[in-house]
Amino acid sequence: VTCEVPLVVKGKEIPVQLISMVKGKNRADLRVLQTVVLDMTEQLQAQEARAKTQSDFKALVDTIQGVVWEADPATLELTYVSPQADRVLGYGQAYWDRGMTWESHVFRDDRERVALAMRKLSNDRVETAIEYRMVRADRSVIWVNNRMSAAVLGNRLRLFGVVIDITDRKRAEEELRMASDQLEKRVDQRTSELRETISDLEAFSYSLSHDLRAPLRSMQGYAQLLFNSLNSTLDATARMYFQRLISSTERLDCLVKDVLKFTQVSREHLELRPVDLERVLAEVINNYPVLLPPSIQVDVKKPLLPVRGHEALLTQCISNLLSNAAKFHRAGESPAVKISTQDLKSNKVRVWFEDNGIGIAPQDQRRIFSMFERVYGGRQYEGTGMGLAIVAKAVQRMEGHVGVESAIGQGSKFWLELPAPGA
Amino acid sequence: MELSQLRDELDDSRRESATLQSLRQHYAELFDTAPVACVTMDLLGRVLECNSAFLELVGLNAKPAADLFLHGYCVQEPKAGSWNICSEPRELFGQ
């Protein structure tokens with residue numbers, strides 16, 4: 001027989017449990033009681049601590065801005081739902097105590113997905129998160145994020161979840177997606193308009209340049225004829241005027257030809273293929289007498305790596321770069337250029353053209369690839385300012401890049417970066 | 001022959017007495033060194049025997065010469081339904 005009672009010792013209460021045993025089979029034989037007095041202080045303190053922990057945990061769960069639930073994995077019946085369910089779903093505590101399932105409150109179209117996730121959680125016991133829609137008590141639909149886990153408590157597997165209302169986030173995402181779609185459509189439309197405009201401008205430019213050449217050549221021809229027939233009657237000043245007129249028409253013709261070339265490079269239909277750089281280079285050098293010694297010394301560091309590009313455009317690039325190297329040489333020094341290739345290990349090949357020319361100041365190295373830009377003007381280095389612009393446009397069309405490393409008086413290292421044949 | 005038999009019986013009795021004494025001593029030590037408080041009370045609730053753990057629990061160094069009652073330390077009734085062995089053991093056993 002037991003009883004619980006506090007003993008008071010020196011004014012202090014000690015909770016004890018008394019367990020008594022009696023000797024003898026009959027009550028009449030009873031003479032003494034043997035009693036064990038158990039001090040319950042620590043046990044009661046532990047009980048109080050446990051109760052406080054439970055109370056603190058409940059308070060913590062109640063403050064979470066989401067619904068905490070616990071369910072039986074076999075029936076998926078809810079065994080606990082935190083009070084936040086009232087705020088999030090509109091169902092009070094009493095409603096959940098009637099043995100509801102979570103799944104039955106999931107939006108019809110998402111129900112199978114949620115059931116599958118819960119079954120998977122029961123089997124795999126791997127924490128997971130899923131987003132789906134739920135139906136509130138007022139029949140409105142909300143989006144939720146449900147982080148679920150499974151754990152064995154007291155030899156029983158339990159499913160747990162924390163459900164957070166993400167309707168606002170979903171709405172914002174949807175608005176963002178719609179805005180993004182709209183923006184994309186507008187960009188597509190503008191790009192299309194811009195392409196059309198550029199195409200019109202290129203066609204206009206090509207047509208203008210092409211049509212300019214006929215009267216220009218006529219002017220050039222008649223000026224030359226006139227000069228030849230009047231040459232003996234002309235004084236020195238008139239002769240100088242004729243010569244200026246003729247050379248001006250020649251320069252203008254060169255310019256128009258270069259503009260036509262640039263436009264052609266921009267508009268030409270391209271099909272990029274593997275190109276044998278060594279063969280193309282040899283053909284360029286042999287076909288242009290100005291690229292043969294003594295005009296220029298070309299040193300090719302073989303083997304040159306093949307590239308993926310367009311043979312005609314590549315030919316144009318090589319001839320323009322070599323012509324520049326031959327033109328912009330230092331006084332008293334024979335022009336020379338070394339050509340090599342470098343594997344950039346990223347399906348790219350860099351083709352180097354290293355000359356011993358006059359070099360380019362750092363501040364000019366960017367603009368030389370723009371149209372009509374000339375760093376060195378005057379009679380010593382005649383040109384139209386279109387050569388490197390044509391190179392840049394051709395490389396761009398071949399999905400590559402162009403650049404230069406140079407310093408005044410120390411030569412220039414031009415490079416073309418092109419896709420490798422397998423890229 | 002009878003004398004010899006009597007001597008043997010006396011020897012057996014002495015041995016049994018010594019064994020009994022030893023056992024009593026052993027159980028007395030066990031009782032006294034038990035980690036939980038143990039008391040033997042009569043039907044008036046008077047403590048007849050107690051161990052060191054009990055004395056320590058009630059703040060005593062040794063069992064006092066005067067009568068010691070367990071219910072002397074109780075200031076309130078045990079919880080309802082409990083068997084009140086502190087104050088009224090005699091009544092509870094119907095004696």
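Residues numbered from 1 in each chain as written. Chains lettered and ligands numbered in written order. Predicted model: local features only at pLDDT ≥ 70, side-chain atom pairs only at ≥ 80, totals over all residues. Heavy atoms only, no water.

Peer 1: Could you clarify how one ought to interpret the overall build of chain B in this entry?
Peer 2: The secondary structure content of chain B amounts to 3 helices and 2 strands. Taken across its 95 residues, chain B has 29% of its residues classed as buried. When contacts within chain B are restricted to residue pairs at least 6 apart in sequence, those whose partners lie at least 24 apart make up 20%. (Helix = DSSP H or I, 4+ residues; strand = E, 2+ residues; numbered from the N terminus. Buried < 20%, exposed > 50% of the residue type's maximum accessible area, 1.4 Å probe, protein only. Contact = heavy atoms within 4.5 Å.)

Peer 1: Would you mind going over the packing of helix α7 (residues 277-287) of chain A against helix α8 (residues 311-327) of chain A with me for this structure?
Peer 2: The angle between the axes and the distance between the axes are what describe a pair of packed helices. All names here are of chain A. Contact geometry of α7 with α8 gives a least axis separation of 10 Å together with a crossing angle of 55°. In this view, α7 runs oblique relative to α8, as classed from their interaxial angle. The handedness of the crossing between α7 and α8 is right-handed. Along the contact surface, α7 presents L277, R279, V280, L281, E283, V284 and I285, while α8 presents E311, L314, T315, I318, S319 and L322. Partitioning the contact of α7 with α8 into residue classes produces 8 nonpolar, 2 polar and 3 charged. (Axes fitted to C-alpha atoms, helices over the stretch in contact; angles between N-to-C directions. Parallel < 35°, antiparallel > 145°, perpendicular 65-115°, else oblique. Left-handed = near helix turned anticlockwise from the far one by under 90°. Nonpolar A, V, L, I, M, F, W, Y, C, P; charged D, E, K, R; others polar.)

Peer 1: Just checking my understanding: could you explain the sheet that holds strand β4 (residues 67-71) of chain A for this structure?
Peer 2: Whenever strands of a sheet pair, they do so through backbone hydrogen bonds, lying parallel or antiparallel. All names here are of chain A. With antiparallel pairing, 5 strands are arranged side by side in an open sheet as β5-β4-β8-β7-β6. Of all the strands in the sheet, just β5 (78-81) and β6 (128-135) have a single pairing partner and so form its edges. Looking at each pair of strands side by side, their axes are set apart by 30° on average, direction ignored. As judged from the 5 bridges shared by β4 and strand β8 (residues 156-165), these two strands associate in the antiparallel manner. Across the sheet, A71 pairs through a bridge with L159, a residue of β8. Contacting β4, β6, β7 (141-153) and β8, helix α4 (residues 108-124) runs over the sheet at an angle of about 145° to β6. (Pairing = 2+ DSSP bridges.)

Peer 1: Can you help me understand the pairing of strand β1 (residues 37-42) of chain B in this one?
Peer 2: Residues in a regular strand point their side chains to alternate faces of the sheet. In terms of burial, β1 of chain B is a largely internal element, 6 of the 6 residues being buried. The side-chain alternation of β1 of chain B yields two buried faces, one formed by A37, V39 and M41 of chain B and the other by C38, T40 and D42 of chain B. As defined by bridge partners, strand β3 (residues 32-39) of chain A adjoins β1 of chain B across 6 bridges and the pair is classed as antiparallel. Each bridged residue has a counterpart across the sheet, and for Q34 of chain A the counterpart in β1 of chain B is T40 of chain B. Looking at chain direction, β1 of chain B and strand β2 (residues 47-50) of chain B are connected through 3 bridges and run antiparallel. Of the residues in β2 of chain B, the one forming a bridge with T40 of chain B is E49 of chain B.

Peer 1: Got a minute to help me understand a nonpolar patch on the surface in this structure?
Peer 2: Residues F204, L208 and L212 of chain A make up a contiguous nonpolar surface patch of about 300 Å² in total accessible area. Secondary-structure assignment places L208 of chain A in helix α5 (residues 167-230). (Patch = residues over 30% accessible without salt bridge, like charges linked within 9 Å, V, L, I, M, F, W, Y side chains within 5 Å. Areas by Shrake-Rupley, 256 points an atom, 1.4 Å probe, with all protein chains shown as cover. Salt bridge = Lys/Arg side-chain N within 4 Å of Asp/Glu carboxyl O.)

Peer 1: When you look at the confidence of the model for chain B in this model, what are you seeing that I'm missing?
Peer 2: One rule of thumb: low pLDDT means the predicted coordinates there are not for detailed reading. All names here are of chain B. Summarising the model, chain B shows a mean pLDDT of 79, and 77% of its residues fall at 70 or more. When pLDDT is averaged over each helix and strand of chain B, the minimum, 48, is found for helix α3 (residues 89-92) and the maximum, 91, for helix α2 (residues 52-57). This prediction of the complex comes with two scores: 0.47 for pTM and 0.75 for ipTM. (pLDDT = per-residue confidence, 0-100.)

Peer 1: How should the sheet that holds strand β15 (residues 412-419) of chain A be read in this particular structure?
Peer 2: Residue and element names in this part refer to chain A. The strand order β10-β12-β13-β15-β14 describes an open sheet built from 5 strands, whose pairing is mixed. Both edges of this open sheet fall to β10 (297-300) and β14 (401-406), since each of them pairs with a single strand only. Taking the axes of each pair of neighbouring strands and ignoring which way they run, one obtains an average angle of 20° across the sheet. In terms of strand pairing, β10 meets strand β12 (residues 336-343) through 4 bridges, oriented parallel. Each bridged residue has a counterpart across the sheet, and for V298 the counterpart in β12 is V337.

Peer 1: Just to check I follow, could you spell out the packing of aromatic side chains for this structure?
Peer 2: Each aromatic ring pair is characterised by the separation of its centres together with the angle its planes make. Residue and element names in this part refer to chain A. Per the stated rule, a full pass over the model turns up 7 aromatic pairs over all chains. Here the aromatic cluster, defined as three or more aromatic residues joined through ring pairs, consists of W69, Y91, Y95, W96 and W102. The ring of W143 has K170 lying over it, and the distance from NZ or CZ to the ring centre is 4.5 Å. Geometry around W415 places R350 over its ring, the cationic atom sitting 3.8 Å from the centre. (Phe/Tyr/Trp six-rings, centres within 6.5 Å; stacked < 30°, edge-to-face > 60°. Lys NZ or Arg CZ within 6 Å of the ring centre and 35° of its normal.)

Peer 1: Would you take a moment to explain the side chain of N51 of chain B for this structure?
Peer 2: Along the chain, N51 of chain B falls in the loop between β2 and α2. Those residues within four positions of N51 of chain B in sequence are excluded, and the remaining contacts are F31, D32, A34, V36, A37 and C38 of chain B.

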